[in-house]
Amino acid sequence: MKFLLRGCITFILMIQGLFAQTTFPSNYIPTDPQTYHAYIHANIQVSYKQLLTDATLLILGNKVVAVGPGVVLPKNCVIDDLKGAWIYPSFIDAFSNYGITAPQKRNKKNDAPQFLSEKPGAYSWNEAIHPEINASDWFQVDTTKAEMLRAMGFGLSVSQLQDGLMRGTTTLIACGNERENTLLMKPIVSQAWSFLKGSSIQDYPSSMMGSIALLRQTMYDAKWYQSGGFKQETNLSLQALNQNTLLPIIFEATDVYDILRVKKIADEFKLTMLIKGNGAEYQIADDIKKADACVIIPLNFPLPYDVDNAMDASYIPLVNLKHWELAPFNARILYEKKVPFVLTSSGCKNEKEFWDNLRKAVKMGLPEEQALKSLLYEPAMRLNITNLAGSLQKDMPANFFISSKSIFSAGAKIISHTIQGRSYRVQKTLNDIKPGEYRLIVNKMAPFDLRIYYQGGSCYGDLIFLKEKIPVTISYNKPNITLSYSLDKDSKEPTHILIGYVENDTMKGFPGSGYGADYMWGATLIKEDIQEDTTTNSVLPPIPSLLHPFQSFGFDTVPKPHPVLFKNVTVWTNEKDGILRNTDVLISNGKISSIGKNLTASDALIIDGTGKHLTSGIIDEHSHIAIYNGVNEGTQSVTSEVRIGDVLVPNDIHIYWQLAGGVTTSHLLHGSANVIGGQTQLIKLRWGLSAEQMKFAGWPGFIKFALGENVKQSNWGDNNRFRFPQTRMGVEQTLMDAFNLAKIYQEQWVEYNKLDAKIKSGSVPPRRDLELDALVEVLNKQRFITCHSYVQSEINMLMHVADTFGFTLNTFTHILEGYKVADKLKKHGAGASTFSDWWAYKYEVVDAIPYNGALLSKMGIITAFNSDDAEMARRLNQEAAKAVMYGGLSEEDAWKLVTLNPAKLLHIDSFTGSIKPGKDADIVLWSGNPLSMYSRCEQTYVDGICYFSLEENEKKENYILNEKSRILNLMAEAKHSGAQTQMINLEINSPYHCDTEGDFVK
């Protein structure tokens, strides 16, 4: 009886396995049970590192039953003899929008700004934040795209709604053509985030730093909500975010430096992230490795430029040219640096581009095993779906594809792709133009024998004419094709150009030139002949030279500090010793070591400074260089939560150009679009180092305020009459309200922290507010204010506000009417950072005078000259000289306006701003008096490292010319070999100024 019962159970389980289980009714009687299907005599890639030869894969329904050599086949099994073909597990596309259509950005009802979400329901205040969305709810089968993904080898898609900052959850989809309920393998896989606002038409955020601040604030809000905030309000967005907090996050980055920005957020909140890059990760591979980040990289290599027009080609930046050459090495470089990565089809327009680029990456040195690992194991492991995807193991879903040979072979074709046990024929070949012998007929001439070959992903050909082999240039842009050849040996240009299209195994079309008659041509495949790529990887191609940073004038190797002894130089000390003639200065270990006569140092580089001048480096107190994707978050009147330090761009060419003008330190400010702007960032111009390494250590931190026309939107147009304040009176009220809220906020935290631990555990903590955190720091004298200002009335007003709340205004920047209130500034204790001689460029400056800086300085106010302009910063030495001309300042005092005085304003004069033993070796060697327009900056040192010198600059210029010429020749050769090209269409990025506005986050 026991054996009979066991037999019944076995029979029932077998029957359940034979029939597809579904809740959907059928309009017919299901008479075809699922049967076993065996694929025999195959090379089976069981996992990325396990390959079985002459093996069998046995499946039943949508599951793998067995895999390996010697598998015993059941009766009534359908057998498919693959005769040495290859079986691979379906690739996993970890960054995809397959089957998920993002909403279109709706039109605004009017042009007025939208401050709050208009989405119905108890959701986030910002429409770009919608973690409550599940991509599985949006999934609809897309048979056309599914077919393309299957042809690429991707049978599984981790799909997301690619819209907004917090996009909701992703879902795992099998790329078949069945109903959605049979293809949705795992409804929730991960979260999806980005820095892109998407379809939201709310004004905030309008900058990259705003996006970062919004993500951070939302995370703190979620913590508050979980710790008791749900008792005070219902927020379904925060509730969903907390429910999914343990899921990994797929984060879309659009700029290579975004990867490091994302990793900082991940570290702050202890999140696991896979960061989708843009294919340029090789540029900062060492930094990515240090950050311990995992990246998802596309294989969308850039096309060569059409460089036939030498004049146009000369304008292509070196970095664009080098990216074309280096992009195929991206995966290899990451592999060699031991950076974990996942490959995605994102960015590839079709299966041919994907396979060509994957093979090219392997040819450039990416090991085949690593390529498979990044398509199978890496995404499966990091997204916790190894039980569903990434290998072919017993009881796993039957998702795999069959290739005629190894997928890394040039002539491989995907024959079929099985999704959830159902086989789909893949008609497309990896090379749409099949290599082999063709019969070419042109007009009424005798047929030509045409042969087409493939080499390195490009095709070319030759034809036989009068027993001679004539080379044929082939240009192919699916489905269009152009064949160019010359039957005249003496002709340097093609005598025949045949334009047409590819259809199955034929080509046909009309001539582009030749006989001048109206006729057709056609070519039919006679014999397919797969031409293997004979290139071997036994000797890896060398990786082209990298630049640090990846920009013109970058270093091949980042320089290091070295002892330097300047002999017989004129030293502008900015100390009580004044200007010292015929003096020696020794720098060592990044510091100024000693100053004096007849100094010696056995290990130092000796520089003869006879006739030259040595000064401390110029400090620009007001700059907007090296900032990415928006200098203003001007959508709200108070945005103290945003931080310039989050959006530094270490490869901004203005850094190098300003080093060439003697600048060593720059204070990067938020713009002046709102009353209380963002937190500023002080950097040293360490050209070639990362954004974090450029930050000035030991600096107390500042924030940007603004007054006047900009903040009340005087010149913003009629549609900007909605954001408070709209008057100068309103500006004062905005400031008072902000600091009153900050005081209340601080008191709430003080009271909460006083609670007994037991009482505190049952209490709802105050909600952490990043905006108010910064203002509390101001109240506690932990953060200092630099304020954009012009007219005396508002300068007085802000000092009154500061006095009311018990803090001191650190710096009034611009302050072109400062000479009118110099006595009050001195009494209050504020400093001034002004222009040398700007006036009459808008109404607020009608009373500006070029004597302003000298008058303020003579009044005993710490006064500096700033640039507020990327170009002017290169000539701040000349700006300082104007104080001698207009205000009669001594040369020493004038020089302090751009060196020691801004150092004092920024509270870094103990580090830099003068030449004194023990201070940082931030120094500049000039050919003559630094205030002279005829003097040149010969060398600039930061921390004792020479980041600029005229001698090295000349070498860099020659390198740039030679490197551009070399790569342009390679591009010309690529076009001649039939490669598709792109037009020269270059973007010009204008430097930021205080009033630069715009919606940068798309």
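Everything here concerns the structure above.
Conventions and cut-offs
- One numbering rule holds for all chains: residues counted from 1, following each sequence as written.
- Residues qualify for local features only when their pLDDT is at least 70, as the model is predicted, and side-chain atom pairs are given and counted only at 80 or more; totals for whole chains, interfaces and linings, by contrast, use all residues.
- In computing side-chain properties, one takes all heavy atoms of the structure into account and sets aside hydrogens as well as water.
- The salt bridge criterion pairs a side-chain nitrogen of Lys or Arg with a carboxyl oxygen of Asp or Glu, the two atoms within 4 Å.
- Counting from the N terminus, the helices are the DSSP runs of H or I reaching at least four residues and the strands are the DSSP runs of E reaching at least two.
- Relative accessibility under 20% of the residue-type maximum defines a buried residue, over 50% an exposed one, and the middle range a partly exposed one, all with a 1.4 Å probe and only protein chains included.
- What makes a nonpolar core is a set of buried Ala, Val, Leu, Ile, Met, Phe, Trp, Tyr and Cys residues whose side-chain atoms join them at distances within 4.5 Å.
- Residues are treated as being in contact if the distance between any of their heavy atoms lies within 4.5 Å.
- As defined here, a cavity is a set of points on a 1 Å grid over the protein atoms alone where a 1.4 Å probe fits but cannot get out. A pocket is an open set with protein on both sides within 12 Å along at least five of seven lines, and residues line them when an atom is within 4 Å of a point.
- Grid points are joined across faces, edges and corners, and a volume is the space filled by probe spheres set on the points.
- Amino acids outside the nonpolar list (Ala, Val, Leu, Ile, Met, Phe, Trp, Tyr, Cys, Pro) and the charged list (Asp, Glu, Lys, Arg) are all regarded as polar, and Gly is one of them.
- Any two strands with at least two DSSP bridges between them are considered paired.
- Inter-axis angles, ranging from 0 to 180 degrees, are taken between N-to-C directions of lines fitted to C-alpha atoms, where helices are fitted over the stretch in contact.
- The aromatic pairing rule takes the rings of Phe, Tyr and Trp, using the six-membered ring of Trp, and pairs them if the centres are within 6.5 Å, calling planes under 30 degrees apart stacked, those over 60 edge-to-face and the rest tilted.
- Patches draw on residues past 30% relative accessible area with no salt bridge. Two like charges within 9 Å are joined, as are two nonpolar side chains (Val, Leu, Ile, Met, Phe, Trp, Tyr) within 5 Å.
- Note on areas: Shrake-Rupley, 1.4 Å probe, and residue coverage restricted to the protein chains presented here.
- The term disulfide is used for any two cysteine sulfur atoms that are within 2.5 Å.

**Student:** Is there a simple way to think about the pattern of salt bridges in this case?
**Tutor:** When the charged atoms of two side chains lie near each other, side chains of opposite charge can form a pair. Summed over the entire model, instances satisfying the criterion amount to 46 salt bridges. The partner of Glu938 in a salt bridge is Lys612, with the nearest N and O atoms 3.1 Å apart. Taken as a pair, Glu938 in strand E42 (residues 937–942) and Lys612 in the loop between strand E30 (605–608) and strand E31 (613–616) lie far apart in primary sequence, 326 residues in all. Here Asp943 makes a salt bridge to Lys684, at a shortest N to O gap of 2.8 Å. Pair noted here: Asp943 is in the loop between E42 and strand E43 (945–949) and Lys684 is in strand E35 (residues 681–684), with a separation of 259 residues, a long-range link. Side by side, Asp943 and Lys684 carry an identical accessibility label, which is buried.

**Student:** How should the nonpolar core be read in this particular structure?
**Tutor:** A general feature of soluble globular proteins is that nonpolar side chains tend to end up buried together. Ranked by size, the top nonpolar core spans 161 residues in total, and within it Phe91, Trp193, Leu215, Met273, Phe354 and Leu358 carry the most contacts. When residues in this core are grouped by element, the largest group, eleven residues, is from helix H4 (residues 208–226). Filtering out sequence-adjacent residues up to four positions away, Leu215 remains in contact with Ile129, Leu165, Met166, Trp193, Ser194, Phe195, Phe251 and Ile265. One finds Val711, Leu798, Phe807 and Leu809 within the second-largest nonpolar core, a separate group that totals 40 residues.

**Student:** Is there a simple way to think about empty space enclosed by the protein in this case?
**Tutor:** If you roll a probe as big as a water molecule over the atoms, it shows you where there is empty space left. Applying the stated criterion across every chain yields a total of four cavities of 30 Å³ or more. By volume, the second largest cavity is sized at about 50 Å³. A per-class count over the lining of the second largest cavity returns five nonpolar, five polar and no charged.

**Student:** Looking at this model, I keep getting lost on the environment of Tyr485. Mind explaining?
**Tutor:** Among the structural elements, Tyr485 can be located in strand E23 (residues 480–485). Here Tyr485 falls in the buried class, since its relative accessible area comes to 3%. C-alpha separation for the pair Tyr485 and Ile497, spaced twelve residues apart in sequence, amounts to 6.7 Å. Here Tyr485 is in contact with Val442, Phe448, Leu463, Ile470, Pro471, Val472, Pro494, Thr495, His496 and Leu498, once residues within four sequence places are set aside.

**Student:** Help me out: how do you make sense of the sheet that holds strand E36 (residues 702–706) in this one?
**Tutor:** Strand pairing in a sheet takes place through backbone hydrogen bonds and is either antiparallel or parallel in direction. Strand order in the open sheet made by the six strands is E34-E36-E37-E38-E39-E40, with mixed pairing throughout. The sheet is open, and its two borders are formed by strand E34 (676–679) and strand E40 (863–865), each paired with just one other strand. Neighbour-to-neighbour, the strand axes of this sheet turn through a mean angle of 20 degrees, independent of strand direction. Bridging between E34 and E36 involves two bridges; their strand directions are antiparallel. Across the sheet, Ile676 pairs through a bridge with Phe705, a residue of E36.

**Student:** Before we go on, may I ask you to explain the packing of aromatic side chains in this structure?
**Tutor:** What characterises a pair of aromatic rings is the spacing of the ring centres plus the angle enclosed by the ring planes. This structure, assessed with the given rule, holds 35 aromatic pairs. Taking 5.5 Å as the distance between ring centres and 40 degrees as the angle between the ring planes, the aromatic pair formed by Phe739 and Phe805 counts as tilted. Taken as a pair, Phe739 in helix H16 (residues 728–754) and Phe805 in helix H19 (residues 792–805) lie far apart in primary sequence, 66 residues in all. Phe805 shares its class with Phe739; the two are buried. Seen from their ring centres, Tyr790 and Tyr841 are 6.4 Å apart, and the 70 degrees between their planes marks the pair as edge-to-face. Highlighted residues: Tyr790 in the loop between strand E37 (784–789) and H19 and Tyr841 in the loop between strand E39 (831–834) and helix H21 (852–858), separated in sequence by 51 residues. In textbook terms, an aromatic cluster arises when at least three aromatic residues are bridged by ring pairs, as seen for Trp86, Tyr88, Phe91, Phe154, Phe354, Trp355 and Phe401.

**Student:** Quick question: what am I supposed to make of the sheet that holds strand E32 (residues 618–623) here?
**Tutor:** If you walk across this open sheet you meet the three strands as E32-E33-E35, and the pairing is mixed. Edge positions in the sheet fall to E32 and E35, since each of these pairs with one other strand and no more. The sheet shows a mean angle of 20 degrees between the axes of neighbouring strands, direction not considered. Examined bridge by bridge, strand E33 (residues 663–668) and E35 share four bridges and lie antiparallel to one another. Its bridge partner being in E35, His667 is matched across the sheet by Leu682.

**Student:** Looking at this structure, how should I read a nonpolar patch on the surface?
**Tutor:** On the surface, Phe115, Leu116, Trp125 and Phe722 cluster together into a nonpolar patch covering about 400 Å² of accessible area. Along the chain, Trp125 turns up in the loop between strand E6 (91–96) and helix H2 (143–152). The class for Trp125 is partly exposed, based on a relative accessible area of 33%.

**Student:** Could you clarify how one ought to interpret the state of the cysteines in this entry?
**Tutor:** Inspection of the entire model under this criterion finds zero disulfides. As a non-bridged cysteine, Cys946 has Cys937 as the owner of its nearest cysteine sulfur, 8.8 Å distant. Free cysteine Cys994: the closest other cysteine sulfur is in Cys787, separated by 10 Å.

**Student:** Whenever I open this one, the pairing of strand E22 (residues 468–477) confuses me. Can you help?
**Tutor:** In the case of a regular strand, side chains alternate between the two sheet surfaces. Direction of pairing for E22 relative to E23: antiparallel, over a ladder of five bridges. Bridging from a neighbouring strand, Thr473 pairs with Ser484 of E23. A loop of two residues connects E22 with E23, the two strands running antiparallel in sequence.

**Student:** Is there a simple way to explain the layout of surface pockets in this structure?
**Tutor:** Computed from the structure, the largest pocket encloses a volume of approximately 2,300 Å³. Taken together, 50 residues line the largest pocket, and the ones lying closest to its centre are Val319, Asn320, Gln551, Glu987 and Asn989. Considered class by class, the residues forming the lining of the largest pocket number 29 nonpolar, 16 polar and five charged.

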